[in-house]
Amino acid sequence: MTTDKINKLIDIAAEKIYEASHVVALVGAGMSAESGIPTYRGSGGIWTKIGEPDPRSFQNFMNDPKLWWERMLNPDRVNVESPERAKFTKALAEAKPNPGHFALVELEKIGKLDTIITQNVDGLHRIAGNNNVAEIHGNRNYYRCLDCSSRFLRDEFMIIDIPPKCPNCQGMIKGDGVMFGEPIPSDVLARCITAAQNCDAMLVLGTSGTVYPAASFPTEAYMNGAYIVEINPERTPISDVVTTQIAGATGDILPLLVAKIQDGIIISYLFGTKYYGV
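The present account deals with the structure reproduced in this document. (Residues numbered from 1 in each chain as written. Predicted model: local features only at pLDDT ≥ 70, side-chain atom pairs only at ≥ 80, totals over all residues. Heavy atoms only, no water.)

**Observations concerning the overall build of the protein**
- When helices and strands are tallied, the protein shows twelve helices and nine strands.
- Rg of the C-alpha trace for the protein: 20 Å, near the compact-globule value of 19 Å for 278 residues, within the 12% margin.
- Counting only C-alpha atoms and orienting by the principal axes, one finds that the protein spans roughly 65 × 40 × 30 Å.
- Scored against the burial criterion, the 278 residues of the protein give a buried share of 44%.
- In the protein, 66% of the contacts between residues at least 6 apart in sequence involve partners at least 24 apart.
- Accessible area of the protein: about 14,000 Å², with a carbon and sulfur share of 53%.
- One finds the centroid of the 26 positive side-chain charges in the protein at a distance of 3 Å from the centroid of its 32 negative side-chain charges. (Helix = DSSP H or I, 4+ residues; strand = E, 2+ residues; numbered from the N terminus. Rg over C-alpha atoms; globule rule 2.2 N^0.38 Å. Buried < 20%, exposed > 50% of the residue type's maximum accessible area, 1.4 Å probe, protein only. Contact = heavy atoms within 4.5 Å. Areas by Shrake-Rupley, 256 points an atom, 1.4 Å probe, with all protein chains shown as cover. Lys, Arg positive; Asp, Glu negative; His and termini not counted. Charge placed at Lys NZ, Arg CZ, Asp CG, Glu CD.)

**Overview of unusual backbone geometry**
- In this structure, the amide linkage connecting I162 to the following residue, P163, adopts the cis form with an omega of 0 degrees.
- Inspection of the secondary structure assignment puts P163 in the loop between strand 5 (151-153) and strand 6 (173-175).
- Along the chain, Y212 connects to P213 via a cis peptide bond; the corresponding omega equals 10 degrees.
- Looking at where P213 falls in the secondary structure, it is placed in the loop between strand 7 (201-205) and helix 11 (217-223).
- The phi dihedral of Q170 falls on the positive side, at around 70 degrees, and the residue is not glycine.
- Its location among the elements puts Q170 in the loop between strand 5 and strand 6.
- For Q170, a relative accessible area of 52% gives the class exposed.

**Section: the environment of A226**
- For A226, the position within the fold is in the loop between helix 11 and strand 8 (227-231).
- With 16 residues separating them along the chain, A226 and V242 place their C-alpha atoms 9.6 Å apart.
- If near-sequence neighbours (up to four positions away) are discounted, A226 is found in contact with C199, D200, A201, A221 and T243.

**Examining the nonpolar core**
- Grouped together as the largest cluster of nonpolar side chains are 29 residues, with contacts concentrated most on A25, L104, L203, L205, I246, L254 and L257.
- Secondary structure elements with two or more residues in this core: helix 1 (4-19), strand 1 (23-27), helix 8 (99-109), strand 7, strand 8 and helix 12 (250-271).
- Considering every element that reaches this core, the biggest residue donor is helix 1, with six residues.
- Non-local contacts of A25, meaning those with residues more than four positions away in its chain, are made with L104, L113, T115, I116, I117, L203 and L205.
- The next biggest cluster of nonpolar side chains, apart from the first, holds 20 residues, and it includes C192, V204, A221 and V242. (Core = buried A, V, L, I, M, F, W, Y, C linked by side-chain atoms within 4.5 Å.)

**Focus: the packing of aromatic side chains**
- All chains considered together, the criterion is met by seven aromatic pairs.
- Ring geometry for F58 versus F61: centroids 6.3 Å apart, planes at 20 degrees, classification stacked. Note that F58 and F61 are positioned in helix 4 (residues 57-63) at a spacing of three residues, about one turn of the helix.
- By relative accessible area, F58 is classed as buried at 16%.
- With a centroid separation of 5.2 Å and an interplanar angle of 45 degrees, the aromatic rings of F152 and F157 are classed as tilted.
- Residue class for F152 comes out buried when judged on its relative accessible area of 15%.
- For F157, a relative accessible area of 14% translates into the label buried. (Phe/Tyr/Trp six-rings, centres within 6.5 Å; stacked < 30°, edge-to-face > 60°.)

**Considerations on the side chain of N130**
- Within the secondary structure, N130 is located in the loop between helix 9 (124-128) and strand 3 (133-135).
- Judged by its relative accessible area of 3%, N130 falls in the buried class.
- Of note is the side chain of N130, whose polar atom sits 3.2 Å from the backbone oxygen of L104.
- Apart from residues no more than four positions distant in its own chain, N130 is found in contact with H101, L104, V105, E108, L113, I116 and H125. (Polar contact = N/O pair within 3.5 Å; in protein donor to acceptor, adjacent residues only side chain to side chain.)

What follows is the structure, encoded as structure tokens:
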């Protein structure tokens, strides 16, 4: 149930998104939490319970990739060592897209969403049906070549050697998820930067606004004149620079927002006039 104040804010945001030409959505862990995946930080976060990963995780991988792969291919042993990690892994495996994910699919279908920049590794946007997704921290369902950046679905990739080699260039393969200490892959980072620089409207959805470089994208877009709407149950560091802040869960607010935008497009098509104002 939404209040009159929230409905008015949704109307304002719908008008701005309807009028925009290049819309980007920046998505954080809050959206995945609505699908039952625990967040990383904060109350109940996996890292709050078991501690953050070693900041040298990528260096450790590069020093001994064989050991990393042996653990990767034997997750039961790792999960026995850490029951909380086992719960997190199970939540990731069982998670399904929620109404917020499907609302973004509809927004893309009607031509009002250019790119999703997601900080989540669960792959739920692709599972829901979005095509234009930039996964800045990777996707748990893929492997990635460290040399040529080719990506391969885990379920379709045949592992012969440990560590595996890329069939395209013979480079070393690792999980697509970006480790602590690992540079963000240049191809996806360039795509994110271009999207943020070129957008004239940005949806900031369920992100804490504390993890960089993603946290810098809304400010950069705002400085370039873009309209910024934040949907989050709590205020964040980004709240101070957004144009419209809607307090609520993305799964509750996004379907209402997208429905309003669809109404505007339909009325404009039927009557040849703008649905929102003059």
